[in-house]
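# What the coordinates show
These are the residues of each chain, in order.
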Amino acid sequence: MNKEIENNFSSVLGALEQQRVIAYPTEAVFGLGCDPDSETAVEALLALKHRPREKGLILIADNFQQLLPYIDETALSHGQLQTILAAWPGPVTWVMPAKATTPNWLTGQYSSLAVRVTDHPLVKELCRQFGKPLVSTSANLNGQPPCRLADEVKQQFGHDFPVLAGNVGGRENPSEIKDALTGHLIRQG
């Protein structure tokens, strides 16, 4: 990493640790994220997006182990788990049963949680260094298209908004969302 990229990475990581909302590139668009264990940070993200708490959120992680504090993998059969793991890392989000201890600021009105193991190298490294997954929702204000460039994030959220510099992956559409228990397609990718 060159010095400028390293400084940007450290700055964004510091913002996460201060319970702030950040933006980062994903496989298709920039995402807004924060510490999933901080109700303060999640409430700030929901307010920024004008997103109702009841809808629930997605967690994006470096690896499956980072998701285990939030999901109840024992509710899945061996076959279901193998299907999920075969799709990762990559742009497939799975809705899985949540642990009873998973906060409702993540699950919303549901007893499940949407989770994904990303294959975007910058987000993987951010989750690795942060030591846990991030909340992930598209970086855009209500009614605006999702941002695909860091400059677009700055235009919508302000020049002081913490943005992890980098390029989005080559995907046209946001991640596909599937139900882990049934395999049912919830959102086309």
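Position numbers for residues start from 1 in each chain and track the written sequence from start to end. Given that this is a predicted model, residues contribute local features only at a pLDDT of at least 70 and side-chain atom pairs are listed and counted only at 80 or more, while totals for whole chains, interfaces and linings are drawn from all residues. Heavy atoms throughout the structure, all of them, feed into the side-chain values; hydrogens and water do not.

## A few points about the UniProt feature "domain: YrdC-like" (unreviewed entry) in the protein chain
Under the present numbering, the feature "domain: YrdC-like" (unreviewed entry) in UniProt falls on residues 6–189. Here a helix means four or more residues in a row that DSSP labels H or I, a strand means two or more in a row labelled E, and each is numbered from the N terminus. Secondary structure content for residues 6–189 is 29% helix and 20% strand, and the end C-alpha separation is 32 Å. UniProt positions are given in the numbering used here, feature names are shortened, and annotations may be inferred rather than shown by experiment.

## So, the pattern of salt bridges
By salt bridge we mean one thing: a side-chain nitrogen of Lys or Arg within 4 Å of a carboxyl oxygen of Asp or Glu. In the structure shown here, the tally under the stated rule is nine salt bridges. Glu27 serves as the salt-bridge partner of Arg116, at 3.3 Å between the closest nitrogen and oxygen. Of this pair, Arg116 sits in strand β5 (residues 112–117) while Glu27 sits in the loop between β1 (22–25) and β2 (30–33), and the two are 89 residues apart along the sequence. One exposure class covers both Arg116 and Glu27, and it is buried. Here Asp35 and Lys132 are joined by a salt bridge, their closest N and O atoms 3.0 Å apart. Here Asp35 is found in the loop between β2 and α2 (39–49), whereas its partner Lys132 is found in the loop between α5 (121–130) and β6 (134–138), with 97 residues between them in sequence. Exposure class is identical for Asp35 and Lys132. Each is buried. For every residue, the accessible area obtained with a 1.4 Å probe (protein chains only) is divided by the maximum for its type, and the residue is called buried under 20%, exposed over 50%, and partly exposed between those limits.

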